[in-house]
Every structure is written in structure tokens, then in C-alpha cells.
Amino acid sequence: ASSNGRTACRSLKMKIAVTSVSVYDPVEAFMFYTQKLGFRERLFEPEHGLAIVVSPEDEDGTALLLEPRGGQGSDAYFDGLYNSGLPAIVFSTDDIDAEFERLKDAGIVFRQPPTKTGRGTQALFEDTCGNLIQLFQA
């Protein structure tokens, strides 16, 4: 056991299969994430409010569940992130300037254009579904 009382992992055998971002309307979010951002459909059941997308560069990789907000607790949390200017999720790219231009041309509203930081370059945009999304290039 480690000094913090947790058992140390000898070898991690798990991968992140699905992560999520909370959205006001999964169907609207699905349209935005596929048509504007260019993600691909993994699962879409609009009658159940279920939408999962994947990167076209790694369709068997980590999926993104566009999860409907679940009430006051989640609304307060995600509204707090949004109002504080904090991203709900971070997407990476190998060419942030090209992605910025592509997304801007698609009508995406950026709160912050590509800006160099100590760790890389980042930009911040709105997903029209209640979230800010950070785009990052190392």
C-alpha cells in the first residue's frame, strides 16, 4: 500500500471507453458535434435522448456520450463552469490554427482564439449546448 492508504497499481489494464459531456438537448448536441465539429456517430437514438460520437481519426477509441442534464445539481455545476469560463471537456489537435479556421468558417463562436501557454496552445469555443470546449495542441 502507498503512503496515502491506496494500493499502488502495478500495471493498469483499463482504458477509458466512454466519457461524457452534459448537454441541454442530446439531439441538438448530436447535430452540432457531428455536423459542425466533424465527429462520427457511434450510437444515436433520438427517441431515447441517447447520442454517442467518436473521433473520425479513432473510431474504436474513446467515445463521447452527449448526456442530458439531470436537473438542478448538474445545471448548477455546468452553468458554473460556463459562467467561470472553464471548459467542460478538452479536445486535442495536431494543428490548432487549421482547426480554428475550419471551425470559425463553420460558424463556431470562439471565446478565445489560439493562445500560446507554457504547456502548448489552446483555444476556447462554445458548443451551443451549454458548454465551453477547449481545443489544445501540445
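Residues numbered from 1 in each chain as written. Predicted model: local features only at pLDDT ≥ 70, side-chain atom pairs only at ≥ 80, totals over all residues. Heavy atoms only, no water.

Undergrad: I would appreciate a short explanation of the nonpolar core in the present structure.
TA: The tendency in soluble globular proteins is for nonpolar side chains to be buried as a group. Tyr33, Leu37, Leu64, Leu66, Phe91 and Phe125 are the most contacted members of the largest nonpolar core, which has 24 residues in total. Elements supplying a minimum of two residues to this core: strand 1 (18-23), helix 1 (26-36), strand 3 (50-54), strand 4 (63-68), strand 5 (89-92), helix 3 (96-105), strand 7 (121-126) and strand 8 (132-137). With 4 residues, the top contributor of residues to this core is helix 1. Each residue touching leucine 64, except ones within four places of it in the same chain, is listed here: Thr19, Ser20, Val21, Tyr33, Ala51, Ile52, Val53, Ile89 and Phe91. (Core = buried A, V, L, I, M, F, W, Y, C linked by side-chain atoms within 4.5 Å. Buried < 20%, exposed > 50% of the residue type's maximum accessible area, 1.4 Å probe, protein only. Helix = DSSP H or I, 4+ residues; strand = E, 2+ residues; numbered from the N terminus. Contact = heavy atoms within 4.5 Å.)

Undergrad: Help me understand unusual backbone geometry in this model?
TA: Among all residues save glycine, negative phi is the norm, and among peptide bonds the norm is trans. Phi is positive for threonine 128, which is not a glycine, with a value near 65°. Structurally, threonine 128 can be placed in the loop between strand 7 and strand 8.

Undergrad: I keep staring at the packing of aromatic side chains and nothing clicks. Help me out?
TA: The way to describe two aromatic rings as a pair is by their centre distance and the angle between their planes. In the structure shown here, the tally under the stated rule is 8 aromatic pairs. Both rings, one in tyrosine 77 and one in phenylalanine 78, keep their centres 4.9 Å apart while their planes meet at 85°; by these two values the pair is edge-to-face. A residue is classified by how much of its surface remains accessible, and phenylalanine 78, at 15% relative accessible area, is buried. Relative to phenylalanine 125, the ring of phenylalanine 110 has its centre 5.4 Å away and its plane inclined at 55°; by these criteria the two rings are tilted. Note that phenylalanine 110 is positioned in strand 6 (residues 110-116) and phenylalanine 125 in strand 7, a separation of 15 residues in sequence. With respect to burial, phenylalanine 110 and phenylalanine 125 carry one shared label: buried. In this structure, arginine 69 packs its charged tip against the face of tyrosine 24, placed 4.2 Å from the ring centre. (Phe/Tyr/Trp six-rings, centres within 6.5 Å; stacked < 30°, edge-to-face > 60°. Lys NZ or Arg CZ within 6 Å of the ring centre and 35° of its normal.)

Any link to function would need more than the numbers given here.
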